[in-house]
Amino acid sequence: MNILKTAIADLIIIEPKIWGDERGYFMETYSKNVFENNGLNFDWIQDNEAFSTRGVLRGLHYQTSDVAQTKLVRVAQGEILDVVVDLRKDSLSYGKSFSIVLSDTNKKQLLVPRGLAHGYVVLSASALFLYKVDNPYIPAKEAGILYNDPALEIDWILEEKDLIISEKDKVQPIFKNHTPYN
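Now for a quick tour of the structure.

Reading guide: rules and limits
Residues numbered from 1 in each chain as written. Predicted model: local features only at pLDDT ≥ 70, side-chain atom pairs only at ≥ 80, totals over all residues. Heavy atoms only, no water. Salt bridge = Lys/Arg side-chain N within 4 Å of Asp/Glu carboxyl O. Helix = DSSP H or I, 4+ residues; strand = E, 2+ residues; numbered from the N terminus. Buried < 20%, exposed > 50% of the residue type's maximum accessible area, 1.4 Å probe, protein only. Phe/Tyr/Trp six-rings, centres within 6.5 Å; stacked < 30°, edge-to-face > 60°. Core = buried A, V, L, I, M, F, W, Y, C linked by side-chain atoms within 4.5 Å. Contact = heavy atoms within 4.5 Å.

1. Things to note about the pattern of salt bridges
Per the counting criterion, the structure on display carries eleven salt bridges. With its nearest N and O atoms 4.0 Å apart, the salt bridge here joins K108 to E15. Placement of K108 in the loop between β9 (97-103) and β10 (109-112) and of E15 in strand β2 (residues 12-15) is noted, with a sequence separation of 93 residues between them. On the basis of relative accessible area, K108 is assigned to the partly exposed category, the value being 25%. A network of salt bridges, in which partner residues are shared, links D10, D86 and R88.

Put into structure tokens, the structure is as follows:
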């Protein structure tokens, strides 16, 4: 696996090694040894899966600091634009966003540390999104940021009219009014 740093501290792109031939391919999507050898020590407690169709935008979500989650995200089928926003007040990239296309073709993964809001939009006809977390989901501790807050300057690629967004995500607070991560 290649472990690539980004401009946001602790946000990491993971490129797995792929062994392929005429029969198909094989890859490791997670190796505790590889992670630990790179200083990435997590106690994954749950794997999640979400299926969505083109234009579905989920996010930008996070859990408050006492139950914040680290996520290891990837796409098994389809293509998404994955987006994070740094909510860590002491971070040099506080308030900055980062986006990357994750797909079943490029097989890239993103390690999203605690303290970042996370979301994605489906770019293909459909997508199967998989992720690991190191803390349980607690509905009462969930928070979010408005996906189209102009201050964040996020390009979701698709036109607004083509987005399918939950009512909850349409009324999230703008970044300057979010609950900060400590």
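2. Some words on the packing of aromatic side chains
Taken as a whole and judged by the stated rule, the model has seven aromatic pairs. Ring centres 5.3 Å apart and planes at 55° place the aromatic pair Y94 and F175 in the tilted group. Within this pair, whereas Y94 is found in the loop between β8 (79-86) and β9, its partner F175 is found in the segment after α2 (167-170), the two being separated by 81 residues in sequence. Ring geometry for Y120 versus F129: centroids 4.1 Å apart, planes at 25°, classification stacked. The exposure classification of Y120 matches that of F129, with both residues buried.

3. Brief notes about the nonpolar core
Counting 23 residues, the largest nonpolar core has L60, V85, L87, V121, I145 and W156 as the members making the most contacts within it. Those elements giving two or more residues to this core turn out to be β6 (56-63), β8 and β11 (116-122). Once residues within four sequence positions are removed from consideration, L87 is found in contact with Y62, Y94, G115, L116, A117, I145, F175, H178, P180 and Y181. Of all hydrophobic cores here, the second largest spans 19 residues; its members include V73, I80, I100 and L102.

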